[in-house]
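Topology and contacts: notes
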Amino acid sequence: MPKMTMSKASKANAKQFPVKVFTMDAELEFKIEPKTTGKELFDLVGRTIGLRETWYFGLQYVDSKGYVAWLKLDKKVLDQGVSKESQIQFTFLAKFYPEDVLEELIQEITQHLFFLQVKQSILNMDIYCPPEASVLLAAFAVQAKYGDYDQTTYQPGMLASDDLLPQRVLDQYQMTPAMWEEKIQFWYAKRRGMTSDEAEMEYLKIAQDLEMYGVNYFQIKNKKNTDLWIGVDARGIGVYDRDNRLSPKVAFPWSEIKNISFKDKKFSIKNVNKKEPDFIFYAPKPRINELILELCVGNHELFMRRRKPDSMEIQQMKAQAAEEKARKQMDRSRLAREKQLREEAQREKEELERRVYALQEESRQTQEALMRSEETAELLHEKMTILDEEARLLTQKAAEAEAEMQRIKLTAIKTEEERMYLEQRARDAEIIATAVIEDSERRATEAEQLREELKRAQLAEKAAKRRLVEFTQGEYNHFMFPPLASELTSSLQFTNTGCFLEGELYHGNIDQLNLEMEKERQEYITKSKTLQDQLKDLKTEIEVLKVGERASTLDRLHDESIQRGDSKYSTLRKVTANSAKARVAFFEEL
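These numbers come from a predicted model, not from an experiment.

This part is about the overall build of the protein. The secondary structure content of the protein amounts to 17 helices and twelve strands. With 590 residues in all, the protein has 36% of them scored as buried. Long-range contacts, defined here as pairs at least 24 residues apart, represent 68% of the contacts in the protein between residues at least 6 apart. Of the roughly 35,700 Å² that the protein leaves accessible, carbon and sulfur atoms contribute 53%.

The subject of this paragraph is the confidence of the model for the protein. Atomic detail in the predicted coordinates should be set aside for any region of low pLDDT. In the predicted model, the protein carries a mean pLDDT of 80, and 82% of its residues have values of at least 70. When pLDDT is averaged over each element of the protein, helix α4 (residues 108-123) comes out on top at 94 and helix α13 (residues 484-507) at the bottom at 34. Note that residues 1-13 has pLDDT below 50 and, in this model, one contact with residues that lie over four places away or in other chains. This model gives residues 474-508 a pLDDT under 50, and the stretch forms 30 contacts once residues within four places in sequence are excluded.

A word on helix α2 (residues 38-49). An ideal rise of 1.5 Å per residue puts 16 Å on twelve residues; α2 measures up with 17 Å between its terminal C-alpha atoms. Among the residues making up α2, those that are buried are Gly38, Leu41, Phe42, Val45 and Gly46. Considered in projection along α2, the buried side chains sweep an arc of 140° and stay on one side of the axis. Looking at the buried positions of α2, the neighbouring elements they touch are β1 (17-22), β2 (27-32), β3 (57-62) and β5 (88-94). Positive phi appears at Gly50, one or two residues downstream of α2, with a value of about 75°.

The next point concerns the sheet that holds β1. In space, the five strands of this open sheet follow the order β2-β1-β5-β3-β4, with mixed pairing throughout. Strands with a single pairing partner mark the edges of an open sheet, and in this sheet they are β2 and β4 (68-70). Within the sheet, the average angular offset between the axes of one strand and its neighbour, ignoring direction, is 30°. Where α2 meets the sheet, it contacts β1, β2, β3 and β5, and its direction lies at approximately 140° from that of β2. α4 contacts β3 and β5 of the sheet and is inclined by roughly 100° relative to β5.

Within the fold, Gln208 resides in the loop between α8 (196-207) and β6 (216-221). Only 3.1 Å separates the side chain of Gln208 from the backbone nitrogen of Val101, close enough to count as a polar contact.

What follows deals with the packing of helix α5 (residues 131-146) against α8. At a minimum axis distance of 8 Å, the contact between α5 and α8 shows a crossing angle of 160°. Put simply, α5 runs roughly antiparallel to α8. With respect to the hand of their crossing, α5 and α8 are arranged in left-handed fashion. Where α5 approaches α8, its residues Leu136, Leu137, Phe140, Ala141, Gln143 and Ala144 are matched on the opposing element by Ser196, Ala199, Glu200, Glu202, Tyr203, Ile206 and Ala207. Taken together, the residues of the contact of α5 with α8 break down into nine nonpolar, two polar and two charged.

This paragraph deals with the packing of aromatic side chains. Geometrically, a pair of aromatic rings is defined through the distance of the ring centres and the angle of the planes. Scanning all chains against the criterion turns up 19 aromatic pairs. A ring pair is formed by Tyr56 and Phe114, whose centres lie 5.5 Å apart and whose planes are at 85°; its orientation type is edge-to-face. Of the two residues, Tyr56 is situated in the loop between α2 and β3 and Phe114 in helix α4; the sequence distance between them amounts to 58 residues. For the pair Tyr56 and Phe114, one class covers both residues: buried. Seen in terms of ring centroids, Tyr217 and Tyr240 are 5.4 Å apart; in terms of plane orientation they differ by 65°. Their pairing is edge-to-face. Of this pair, Tyr217 sits in strand β6 while Tyr240 sits in strand β8 (residues 236-241), and the two are 23 residues apart along the sequence. The pair Tyr217 / Tyr240 is uniform in exposure class, with both members buried. The ring centre of Phe303 lies 3.7 Å from the NZ or CZ of Arg307, which sits over that ring.

This part takes up the pattern of salt bridges. One pass over the full model with this rule turns up 24 salt bridges. Note that Lys270 and Asp278 form a salt bridge whose closest N and O atoms lie 3.1 Å from each other. For the salt bridge of Glu389 with Arg392, the shortest nitrogen-to-oxygen distance reads 2.4 Å. In this pair, Glu389 and Arg392 both sit in helix α10 (residues 312-410), three residues apart, roughly one turn of the helix. Assessed through its relative accessible area of 37%, Glu389 is described here as partly exposed. A single salt-bridge network, built from bridges that share partners, covers Glu99, Glu104, Arg306 and Arg307.

About the criteria used
Residues numbered from 1 in each chain as written. Predicted model: local features only at pLDDT ≥ 70, side-chain atom pairs only at ≥ 80, totals over all residues. Heavy atoms only, no water. Helix = DSSP H or I, 4+ residues; strand = E, 2+ residues; numbered from the N terminus. Buried < 20%, exposed > 50% of the residue type's maximum accessible area, 1.4 Å probe, protein only. Contact = heavy atoms within 4.5 Å. Areas by Shrake-Rupley, 256 points an atom, 1.4 Å probe, with all protein chains shown as cover. pLDDT = per-residue confidence, 0-100. Expected span 1.5 Å × (residues − 1). Arc of directions from axis to C-beta. Pairing = 2+ DSSP bridges. Axes fitted to C-alpha atoms, helices over the stretch in contact; angles between N-to-C directions. Polar contact = N/O pair within 3.5 Å; in protein donor to acceptor, adjacent residues only side chain to side chain. Parallel < 35°, antiparallel > 145°, perpendicular 65-115°, else oblique. Left-handed = near helix turned anticlockwise from the far one by under 90°. Nonpolar A, V, L, I, M, F, W, Y, C, P; charged D, E, K, R; others polar. Phe/Tyr/Trp six-rings, centres within 6.5 Å; stacked < 30°, edge-to-face > 60°. Lys NZ or Arg CZ within 6 Å of the ring centre and 35° of its normal. Salt bridge = Lys/Arg side-chain N within 4 Å of Asp/Glu carboxyl O.

Below is the structure:
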């Protein structure tokens, strides 16, 4: 049999391995070669999603032994225990967190990825969030997703399909989904005017003040085999009681740590102060210690970088971000102006339509009055004709009666009785004739009055016709065709010109933008008190519906901390200020 050969292209395809990378809002597929390193794959993901602030992120996976691990950048992908059975899967996640999101996060894509991950961690209850803060954060999330609240289009139940609150919060209050939605909708309506990226940043500003934000926890034991937690975050290392991951009992800031190391399951933290003993703990598996050390090294590097002047790359990124922010602000201003002009034009159009409708209604009423006047004139004319006919008949009867009376007078009466009888009849006929004449005169008077009324009706008809002509040929045309188009065009041209000049100004003055960013930071500090007041009001509103026995341990610990007046940062200051003797006492007590 002939020996089968394989082309170069086929050989290349045979050596490639399919890889799927899950980000917080997308799925990416690649093919890698056996020699592909972790850095090459990581950089490929960063370029694909347009991310430059890659130092916060990593590729997480579950190795062939079932352990969660982070892909090492300096080693080949296939040499790190990844499963090669089918498609290799990684999750692109934030591995390290900034100390201050407002100061450190530069790109919008970085901000968006942090927003999605922190939001998911809060909903999954990996980060504890008080109920009142959960509602406020949900309002920012809705603003980021749907934009401005619109009362005309918003329908009850619109947010039912969105996952907005942790299940722990829903379980401990006697509130229906509709009641929760009403609370969220109230605060959502107050966020009107925020763009999506602004709402996401406000979300992160609140979330970073949560005690468990950005902390990676690991179960450990001390020398006395006491169960504890160790937490690694951007500021240092904290040690927590088994039942309280909110407030550390002891904290080691990065500035006070001289050395960290592990051997097998034993992990050591050496303090800068030589008089202070080393803190030693034991992890369940050496692999846990390796992961803790990796997180400590990465967080310490970022801690040191923050306290040095920005590199040229960071300065360039910040300048580009400032220019992009200024451009978007100008675009928003232009769109807002155009929207305002459209709304004003729409209002003018509606006002004109209303006035035209009013004129049409008035014209219709005038026409109806005219028709009524014409009908009245016709009726009066018919009545006058009838009265004229009646007067003619009465006059004819009077003439006949007069003739009869004359004939009776001239007739010879032979007897006295006949004469008296005839005289009596003559007197009666005379009375009747007199009555007929009076009636005829009265009816003639009425006919004259009707003629006068007919004249007045005809005059009213002419006035109504003249008024109708004035309405249809005068004001109607004036309100129907206002010169709106030219005014709108000139306004838009002015706005575009203004944007161009303003863009040149920002392009050449980055220092001014930096000053504006500092001003925004100061405004945020000023607004923090207002935010705390809002949280207190919201907590008071829902407190009456809370079921105390359903509260979790973390809820009770948080409430106790609030009653003492403690916060995340005040607690860190307290435990960091502990002397070496106090730390030793804590270790001995454990």
